[in-house]
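The primary structure of each chain is shown beneath.
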Amino acid sequence: MCCEKVKLAKSKSNLTARHFKTVTMIWKWINFSALLLGALTSPTPSLPTTTNTDGGPCRIYNSGRSADCVGKQLDSVPWRHFPPTLEDIDLSSNKLQAVRADDFVRLPQLRILKLLYNNISHIDNDAFKNNMLLEDLDIFNNSLQEIPATALKPLLNLKKLSMSNNLYRHATLADSFSKFVKLQVLSMGGPLVMGLKKTDFQPLKNIGLQGFAIKCSSNLSYYEPGSLEVIQTRQMGFDMAIDQRPSALHHMLRDLANKTFSVIQFRNLFEFMYYMGEEDIFQGLEFITVNQLIFHRGKFNENLLRMALMNLQVTPIKSLRLQYIDFARSPTFVDSGASSSITDLALDKLDLWYISNPDVLRFDWRFTWLNKIKELSIQHVYFNSVPCDAWVEMEGVEVLDVSNNRLQNEFIFNQRCDYKDVMPHLHTFNISTNDVTSLKDLSSLTREFQQLQILDFSKNKLGSAENSQDCVWQKNITRVIAHHNQFVTEALSCLPTTVHYLDLSNCELDELDMTYFKKTTNLKELLLSGNKIKFIPSKWKSPSLQSLALDRNSFGLISKASFQDMPQLSQLRAGNNPYHCTCELHAFVQDTMSKGKVNLTDWPLNYRCYHPEALLKTVISKFLPGKVACDIRLVIIICVVTTAAVILILMLICYIFDLPWYTKATYQIIRAKYRAHKEKAAGETGTFTYHAFISYSHSDADWVRDQLLPCLESNKNSYRLCIHERDFTPGRWIIDNIIDNIESSRKVIFVLSRHFVNSEWCNYELYFAQQRAVGKIFSDVILVLKEPIDPSSLPSKYCKLKKMLSTKTYLEWPQQVSQQSFFWAQLISVLGKPTMTREGAHSVKSRTSSVGGVSVIGPHLEDRMPEATTADKGTEPENEIIKRNNDQLSNQRQVPMVAF
């Protein structure tokens, strides 16, 4: 029974195992299918260049090589969102508590990993087993209980390892650290490291470092001599307080003896209390070769600083920096009036930054410790005055930086002090970021500095007109830095004129003083950025200027002429101005780009249009006006050519259509109307009324006298006809006679022939007959063709006559005698009944005395001709004008023979 139960149990277990394997295989297949489907449906296999497409917490950029996960409140590494191409990951400022084996195993290209400012207390031993290319690992400020030597063991390419400020209680390195032969920078330790042992850093004895930093507890308990002896580094940093064990400093300095360093920094040397002992704890400094010694934070009293400076006088150290120091006077020090204890401190550079008490400048009531300093920087000490004896003692200073303090006019320049021959070697003076307001006082102070070349008074309150008069500067000044002041234009005249470099950026200037710039004949570089300059003077002469900055101002116009008097100009920065996009600006850009002499350093993105509104914020490089709009010479040429072409066309039109003739004829009508009006006003008699006015050529006069007049005036019902040979009033203008008689006639008969077409006076009569029809009902015109005329052969000025001959019916004089009687019947029918509205001055017989026989009738008849329009004029023959004038003079005869 037991066996059966055992068999049953085994069978159940086998079944369960098989079932589990089956389920596992199914899930694996589902996962594989999903991955395959995702790969097939993915639009692009490449990695995102900026951010993850799956909504991960980190920003992936640099073509999938970098990940930014800073401050995302992560409590675990989001490794599922990391592409395998990552080389740089920043996971700082999160809530990570551990580094697991799977976190970075898929990142074989990883080179930089930042895990600082987390809460990591554990790192798996195989966390970095697949990251052998890792060069920079930062686990600063975490909660590690011990140094993760096993986890770091595979990282043989490490160059920088920062693991300080953790919670391990000792600083002993494992033997595996001896294999980190590429290591250059190492920082370690933490607030719980109570001291250092001689064996702690033995694995580093054969590794030459560039930087090494050790942090210990503020309550240092022990220090074994020789603990730092094996360290080989260029830069050494100590973050440990020796309040309880001051003698440890003596041992540390002995361990560093006979070594060469570029920088040694002591941080929080005394964190909680001032040193009150008598022992000289800086005795070992004289055996150390170091370029710069830094005391960062901590408490220094007068006695401790004296100990340090006394030893520095006999050391090869050339640079000393005291920064963020809490300085206090020593109550045991008594000033006996004797000379200062520090008289031979020879330093290339002394930095006094962020000192809590300005008394540090004369810590032993003297300034003699500054006597042999070459470069002196006193920043953020907030002293507001410089005693007279301070200037005298600083005779070796070549560079003086007193920026970021509270200096004012009367405190920086004291009229009771004698500044003659002070600061004989000073060539650079920086008084920026103070409360100085007077350029005159500043010039009075510095004019005694015989070697002064560089002057920086930026970020003050200089530039007012009342405090910028009668300035006298040292003639050696070549570089002036004056940005971030409040200059008015008049104050520019108070600046040094010997400058090669002048920075007037952000000085609220709205105009430039050309008088000052004419004097600065050696100026090579000028910075005027961030002002309010409204225009660029056209006569700005600066023959030596090479670099000019005019960006962030208020001018909108700039042209080729703006900088034509600056032959040496090669660098120009003029972007971020409200430019008017005009032809001048375009010409300037084109000229600058084509010649290549001047380099626009901020071109093209900072150059945009502000006017006109249609081009607002348009990049000027895309502003391309037409050549016609911008080239005045081309505009003039086009205007001249166009005008000439128009004139030629008008002349051609006038020639083709005889416009001068029509103009002259119209002028004659106006003159005739004017004379008629004057005669009527003078009471002269009106004109006679005729049945018809006959217009004919002189060559057709015989036909008119022999055929036309007898037929129409000798009948029973005779017509009153008007012909020029007998009916024109003697003594009147010919034009007046023509116009008056045409207007006094009911109809106008034109005897058309080749001679008529060539007659100038017939042309006038035809034109006046057409003009008479304008605005009137009386518009009967009868055309009589004395001989056949082809309308198409007529000159162009007879366009109206051509149209009438082509579209209207006309009377044609037949050459056959048998047909002439019908012609007369047609003509009489067209003329109508010979009813007179007014009796003429002459009898019909008298007017028809010279009329000949009767003629025959032609075949064509036109009852009423339509209203005629103005015909084209012809050219008046000179001989006909003379004949017409002669006819006017001999008009006393009954039937004068006038040639037309």
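From a predicted model like this one, the values you see are computed outputs, not experimental measurements.

A.B. asks: Could you give an account of the nonpolar core, naming the residues involved and the relevant values?
C.D. replies: Among the nonpolar cores identified, the biggest contains 176 residues, and Phe201 and Trp391 are the most heavily contacted of them. Counting residues per element, this core draws most heavily on helix H4 (residues 302–312), at six residues. In this structure, Trp391 is in contact with Val386, Leu400, Ile412, Tyr419, Val422, Met423, Phe429, Leu445 and Phe449, ignoring residues within four places of it in sequence.

A.B. asks: Residues and numbers for the layout of surface pockets, please.
C.D. replies: The calculated volume of the second largest pocket comes to roughly 480 Å³. Taken together, 22 residues make up the lining of the second largest pocket; nearest its centre are Ser187, Phe212, Ala213, Gly237 and Gln265. For the lining of the second largest pocket, the element with the highest residue contribution is strand S11 (residues 208–215), accounting for six residues. Here the residues of the lining of the second largest pocket sort into eleven nonpolar, eight polar and three charged.

A.B. asks: Explain unusual backbone geometry residue by residue, including any values.
C.D. replies: Most peptide bonds are trans, and most residues other than glycine sit at a negative phi. Cis rather than trans, the peptide bond between Trp603 and Pro604 has omega equal to 5°. If you trace the backbone, Pro604 turns up in the loop between strand S30 (599–600) and strand S31 (609–611). Along the chain, His611 connects to Pro612 via a cis peptide bond; the corresponding omega equals -5°. Tracing the sequence through the fold places Pro612 in the loop between S31 and helix H10 (627–630). Of note in the backbone geometry, Asn141 takes a positive phi value of approximately 60° without being a glycine. With phi around 60°, Glu508 is a residue other than glycine that occupies positive phi space. One can find Glu508 in the loop between strand S25 (501–503) and helix H8 (514–519).

A.B. asks: Quick rundown of the packing of helix H13 (residues 701–713) against helix H19 (residues 820–831)? Include the residues and the values.
C.D. replies: Packing of H13 against H19 brings their axes to within 11 Å, and their N-to-C directions diverge by 60°. As far as their axial angle goes, H19 and H13 are oblique. In terms of crossing hand, the pair formed by H13 and H19 is right-handed. The residues of H19 that touch H13, namely those facing Trp703, Gln707, Leu708, Cys711 and Leu712, are Phe823, Trp824, Leu827, Ile828 and Leu831. The residue makeup of the contact of H13 with H19, split by class, is nine nonpolar, one polar and no charged.

A.B. asks: Outline the pairing of strand S14 (residues 260–267), listing residues and values.
C.D. replies: With five bridges connecting them, strand S13 (residues 232–239) and S14 associate as parallel partners. Note that in S14 the partner of Met236 across the bridge is Ile264. Crossover S13 to S14 through helix H3 (residues 247–255) is right-handed. Note that S14 and strand S15 (residues 289–296) share seven bridges and pair parallel. Bridged to Phe261 within S15 is Val290.

A.B. asks: Tell me about the side chain of Asn531, and name the residues and values.
C.D. replies: Among the secondary structure elements, Asn531 is positioned in the loop between strand S26 (525–527) and strand S27 (547–549). Within the local environment of Asn531, its side chain forms a polar contact with the backbone nitrogen of Cys507, the two atoms lying 2.9 Å apart. A polar atom in the side chain of Asn531 sits 3.0 Å from the backbone oxygen of Leu528. Residues in contact with Asn531, not counting those within four places in the same chain, are Leu504, Ser505, Asn506, Cys507, Glu508, Leu509, Arg552, Asn553 and Ser554.

A.B. asks: So what's going on with H13? Which residues, and what values?
C.D. replies: Most of H13 is tucked away: ten of the 13 residues are buried. Looking only at H13, the buried set comprises Ala701, Trp703, Val704, Arg705, Leu708, Leu709, Pro710, Cys711, Leu712 and Glu713.

A.B. asks: Go over a nonpolar patch on the surface, please, and point to the residues and values.
C.D. replies: Nonpolar side chains collect at one region of the surface, where Val646, Ile649, Leu650, Leu652, Ile653, Tyr655, Ile656, Phe657 and Leu659 lie side by side and expose about 840 Å² of accessible area between them. Its location among the elements puts Leu650 in helix H11 (residues 632–657). Taking the relative accessible area as the measure of exposure, Leu650 reaches 46% and is therefore partly exposed.

A.B. asks: How would you summarise the state of the cysteines if you had to cite specific residues and measurements?
C.D. replies: All told, the structure shown has four disulfides when counted by the stated rule. For Cys471, the disulfide goes to Cys494, at an S-S distance of 1.5 Å. Of this pair, Cys471 sits in the loop between strand S23 (454–456) and strand S24 (479–481) while Cys494 is found in the loop between S24 and S25, placing the two residues 23 residues apart along the sequence. Across the disulfide, Cys581 is cross-linked to Cys609 (sulfur-sulfur distance 1.7 Å). Note on the Cys581 and Cys609 pair: the S-S dihedral is about -80°, so by sign convention the disulfide is left-handed. Highlighted residues: Cys581 in the loop between strand S29 (579–580) and helix H9 (583–595) and Cys609 in strand S31, separated in sequence by 28 residues. Cys609 shares its class with Cys581; the two are buried.

A.B. asks: Got a sec to walk through the pairing of strand S19 (residues 347–353)? Specific residues and values, please.
C.D. replies: Bridge analysis of strand S17 (residues 319–323) against S19 gives five bridges, and the strand direction is parallel. Its bridge partner lying in S19, Ser319 is registered against Lys349. Here S19 pairs with strand S20 (residues 373–379) via six bridges, running parallel. Bridge assignment links Leu352 to a residue of S20, and that residue is Ile378.

A.B. asks: Let's hear about the environment of Met307: which residues, and what values?
C.D. replies: Residue position: Met307 is located in helix H4. For Met307, a relative accessible area of 12% gives the class buried. Sequence separation of Met307 and Gln283 is 24 residues, and the distance between their C-alpha atoms is 8.5 Å.

A.B. asks: Lay out the side chain of Asn301 with the relevant residues and their values.
C.D. replies: Mapped onto the secondary structure, Asn301 falls in strand S16 (residues 299–301). You can call Asn301 buried: its relative accessible area is 3%. Reaching out from Asn301, the side chain makes a polar contact with the backbone oxygen of Tyr275 at a distance of 2.8 Å. Excluding its chain neighbours within four sequence positions, the residues that come into contact with Asn301 are Tyr274, Tyr275, Met276, Phe327, Ala328 and Ser330.

A.B. asks: How would you explain the packing of aromatic side chains if you had to name every residue and give the values?
C.D. replies: In this structure the tally under the stated criterion is 28 aromatic pairs. Taking 6.0 Å as the distance between ring centres and 35° as the angle between the ring planes, the aromatic pair formed by Trp391 and Phe449 counts as tilted. With a gap of 58 residues between them, Trp391 in helix H5 (residues 388–393) and Phe449 in the loop between helix H7 (439–446) and S23 connect regions that are remote in the sequence. In terms of burial, Trp391 and Phe449 fall into one category: buried. Between Trp813 and Phe823, the aromatic rings sit 5.1 Å apart at their centres with planes inclined by 85°, giving edge-to-face as the arrangement. Taken as a pair, Trp813 in the loop between strand S36 (811–812) and H19 and Phe823 in helix H19 lie far apart in primary sequence, ten residues in all. Judged on exposure class, the residue Trp813 and its partner Phe823 are both buried. These aromatic residues form a ring-pair network of at least three members: Phe238, Phe266, Phe282, Phe295 and Phe300. Residue placement shows Arg59 over the ring face of Tyr61; its charged tip is 4.3 Å from the ring centre.

A.B. asks: Quick one: what's the story with the environment of Asn576, residue by residue and with numbers?
C.D. replies: Along the chain, Asn576 falls in the loop between strand S28 (571–573) and S29. Given a relative accessible area of 41%, Asn576 falls into the partly exposed group. Along the chain, Asn576 and Arg552 lie 24 residues apart, while their C-alpha atoms are 4.9 Å from each other.

A.B. asks: Go over the confidence of the model for the protein chain, please, and point to the residues and values.
C.D. replies: On average, residues of the protein chain score 80 in pLDDT, and 80% of them are at 70 or above. Confidence drops under pLDDT 50 across residues 1–53; counting only partners more than four residues distant or on other chains, this segment forms 19 contacts. Note that pLDDT drops below 50 for residues 774–779; the model gives that stretch 14 contacts with residues more than four away or on any other chain.

About the cut-offs
Here the residue index of a chain counts from 1 through its sequence in written order. Where totals are concerned, whole chains, interfaces and linings use all residues; where local detail is concerned, this predicted model gives features only for residues with pLDDT of at least 70, and gives and counts side-chain atom pairs only at 80 or more. For the side-chain quantities, the full set of heavy atoms in the structure was used; hydrogens and water were omitted. Each nonpolar core is a collection of buried residues, namely Ala, Val, Leu, Ile, Met, Phe, Trp, Tyr and Cys, held together in the definition by side-chain atoms within 4.5 Å. Throughout this description, buried means an accessible area under 20% of the type-specific maximum (1.4 Å probe, protein chains only), exposed means over 50%, and partly exposed covers the range between. The helix count covers DSSP runs of H or I at least four residues long, the strand count covers runs of E at least two residues long, and both are numbered beginning at the N terminus. What makes two residues a contact is simply this: any of their non-hydrogen atoms within 4.5 Å. Both site types are read off a 1 Å grid over the protein atoms alone. A 1.4 Å probe that fits but cannot get out defines a cavity, while an open set with protein on both sides within 12 Å along at least five of seven lines defines a pocket; lining residues have an atom within 4 Å of a point. Grid points are joined across faces, edges and corners, and a volume is the space filled by probe spheres set on the points. Put simply, Ala, Val, Leu, Ile, Met, Phe, Trp, Tyr, Cys and Pro go in the nonpolar bin, Asp, Glu, Lys and Arg in the charged bin, and everything else, Gly too, in the polar bin. Whenever a helix is involved, its axis is fitted only over the stretch in contact; in every case the axis is a line through C-alpha atoms, and angles between N-to-C directions fall within 0 to 180 degrees. Note on angle classes: values under 35 degrees are labelled roughly parallel, values over 145 roughly antiparallel, values of 65 to 115 roughly perpendicular, and the remainder oblique. Left-handed describes a crossing whose near helix is turned anticlockwise from the far helix by less than a right angle; the clockwise case is right-handed. In this analysis, strands are considered paired if DSSP registers two or more bridges between them. Crossover handedness is defined by viewing with both strands directed away from the observer: a clockwise path from the first strand over the helix to the second marks the crossover as right-handed. Throughout this description, a polar contact denotes any pair of N or O atoms lying within 3.5 Å of each other; where both atoms belong to protein, one of them has to be capable of donating a hydrogen while the other can accept it, and for residues adjacent in sequence the pair is counted only when both atoms sit in side chains. For patch building, the residue pool is restricted to those with more than 30% relative accessible area and no salt bridge; the joining distance is 9 Å between like charges and 5 Å between nonpolar side chains (Val, Leu, Ile, Met, Phe, Trp, Tyr). Each accessible area is a Shrake-Rupley estimate made with a 1.4 Å probe; only the visible protein chains count as cover when residues are assessed. Here, a salt bridge means any Lys or Arg side-chain nitrogen found within 4 Å of an Asp or Glu carboxyl oxygen. In this description, the term disulfide denotes a pair of cysteine sulfurs within 2.5 Å. Any two of the Phe, Tyr and Trp rings considered here, Trp counted by its six-membered ring, make a pair once their centres fall within 6.5 Å; the pair's planes then place it as stacked at under 30 degrees, edge-to-face at over 60, or tilted in between. Counted as over-ring charges are cases with an Arg CZ or a Lys NZ within 6 Å of the ring centre that also lie within 35 degrees of the ring normal. pLDDT is a per-residue confidence score from the predictor, ranging from 0 to 100.

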